[in-house]
Amino acid sequence: MTPHRLLAALLALAGPALPLPAAANEVLSRTEVAIDWPSAQAEAAAAPQARATADAFAQAAGANGVRLPVLLLPVEEWGMPRFVHQTQAYAAAYRLEGAQLSVLGWRSAIEASGALTLHHDVQGYESIGDGADYSLVRHGASYVLRLTCDEPLTDPRCIEPAFLSGAAAALVSAGGSEK
């Protein structure tokens, strides 16, 4: 994913000025979710070694200006990601052999005045054609690990949920701020 596509994806997730499609009788709006900062801080304190390198990266990348817990993969194992952010959202992209893994986080939820008619239930793991998504909520914020593969029909990382669930388990708190 190019930096421009990464930024476009981030803006699509968090941009409050973007119109949202809705049925004729529905009004959609974005609302800021409450973050459980004490649990985020406790999680960060529980993994000080993994967090040390992530903290250095987060500070250099400006992740402490993000108003949600920034979850990243351990730099020692996954390398340094490309990182873009806004106040309410961020994206970190990791280049892998034959694939790319992006960690997307945001602090807003879409609310509808009625039942959404063009929506599906979000599950932890979902195939997306050229890869797969793994969705989770942690500390009140929403996150998606998006894997795109050069060979999505044969690469086991894009076919089976084990790779993405393992990556989700490896996420460490690496910044973010209440203010």
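Sequence order as written defines residue numbering, which begins from 1 separately in each chain. Since the coordinates come from a predicted model, pLDDT governs what is reported: local features require at least 70, and pairs of side-chain atoms require 80 or more to be given and counted, while whole-chain, interface and lining totals use all residues. The side-chain values count all of the structure's non-hydrogen atoms but skip hydrogen atoms and water molecules.

Residues that lie three or four places apart on an α-helix share one face, since the helix turns once every 3.6 residues. Note on exposure labels: buried denotes an accessible area under 20% of the residue type's maximum, exposed denotes more than 50%, and partly exposed covers the range between, all computed with a 1.4 Å probe on protein chains only. Starting at the N terminus, helices and strands are each numbered in turn, a helix being any DSSP run of H or I of at least four residues and a strand any DSSP run of E of at least two. Within helix α2 (residues 37–46) the residues assigned to the buried category are Trp37, Ala40 and Ala44. An end-on view of α2 places all buried positions within 60° of arc, on one side of the element. When the buried face of α2 is taken as reference, the exposed residues oriented beyond 90 degrees from it are Pro38, Ala45 and Ala46. By definition, the arc is the one covered by directions from the helix axis to the C-beta atoms.

Another point: the side chain of Asp155. In this structure, Asp155 sits in the loop between β9 (141–149) and α5 (156–159). We call two N or O atoms a polar contact when they sit within 3.5 Å, provided that within protein one can donate a hydrogen and the other can accept it, with sequence-adjacent residues counted only if both atoms are side-chain atoms. Of the polar contacts made by the side chain of Asp155, one reaches the side chain of Arg157; its length is 2.6 Å. Any pair of residues with heavy atoms lying within 4.5 Å of one another is described as a contacting pair. What Asp155 contacts, discounting residues up to four positions off in sequence, is Gly98 and Cys149.

Two cysteine sulfurs form what is called a disulfide whenever their separation falls within 2.5 Å. In total, this model carries 1 disulfide according to the counting rule given. With its sulfur 1.7 Å from that of its partner, Cys149 forms a disulfide with Cys158. Between Cys149 and Cys158, the S-S torsion sits near 85°, and that sign places the bridge as right-handed. For the residue pair Cys149 and Cys158, the accessibility class agrees, reading buried in each case.

Here we take up the nonpolar core. Remark: nonpolar core denotes a set of buried residues (Ala, Val, Leu, Ile, Met, Phe, Trp, Tyr, Cys) joined through side-chain atoms within 4.5 Å. In this structure, Leu72, Tyr90, Tyr94, Leu101, Leu145 and Leu147 are the most contacted members of the largest nonpolar core, which totals 34 residues. Contributing elements (two or more residues each) for this core: α2, β2 (71–72), β4 (89–96), β5 (99–106), β8 (131–138), β9 and α6 (162–170). Look past the residues within four positions of Leu147 in its chain and what remains in contact with it is Leu96, Ala99, Gln100, Leu101, Ile128, Asp130, Gly131, Ala132, Arg157, Cys158, Phe163 and Leu164. The next biggest cluster of nonpolar side chains, apart from the first, holds 5 residues, and it includes Ala89, Ala91, Leu104 and Val144.

Two side chains of opposite charge can pair, provided their charged atoms sit close to one another. Only one rule defines a salt bridge in this text: a Lys or Arg side-chain nitrogen within 4 Å of an Asp or Glu carboxyl oxygen. If you walk through the whole model with that rule in mind, you get 6 salt bridges. Close ionic contact of Arg67 with Glu32 constitutes a salt bridge, the shortest N to O distance being 3.4 Å. Placement of the pair is Arg67 in the loop between α3 (48–61) and β2 and Glu32 in strand β1 (residues 28–32), with a sequence separation of 35 residues. By relative accessible area, Arg67 is classed as partly exposed at 22%. Here Asp155 makes a salt bridge to Arg157, at a shortest N to O gap of 2.6 Å. Residue classification places Asp155 among the buried positions, given a relative accessible area of 11%. Taken together, the shared-partner salt bridges connect Glu32, Arg67 and Arg107 into one network.

As a further point, take the confidence of the model for the protein chain. Confidence along the protein chain averages 78 in pLDDT terms, with 69% of residues attaining 70 or more. Here helix α1 (residues 3–14) stands out as the least confident element of the protein chain, with mean pLDDT 45; β5 is the most confident, with 95. The low-confidence segment residues 1–20, where pLDDT is below 50, has 34 contacts with residues more than four positions distant or belonging to other chains. In predicted models, pLDDT denotes the confidence assigned by the predictor to each residue on a 0 to 100 scale.

Moving on, we get to the packing of aromatic side chains. Centre distance within 6.5 Å is the pairing criterion for rings of Phe, Tyr and Trp, where only the six-membered ring of Trp is used; planes under 30 degrees apart are then read as stacked, over 60 as edge-to-face, and the remainder as tilted. A complete count under the given rule lists 4 aromatic pairs for this structure. Taken together, the ring pairs connect Trp78, Tyr94 and Phe163 into an aromatic cluster. A positively charged side chain is recorded as over a ring if its NZ (Lys) or CZ (Arg) lies within 6 Å of the ring centre. The angle to the ring normal must also be within 35 degrees. Seen from the ring of Phe163, Arg157 lies directly overhead, with NZ or CZ sitting 5.9 Å from the centre.

In terms of residue burial, β9 counts as a mostly covered element, since 7 of its 9 residues are buried. The pairing of β5 with β9 spans 8 bridges and is antiparallel. Considered in β9, the bridge of Leu104 is made with Val144. Here the rule is simple: two strands pair whenever DSSP picks up at least two bridges between them. The turn linking β8 back onto β9 is made up of 2 residues, and His139 within it adopts a positive phi angle of 60°.

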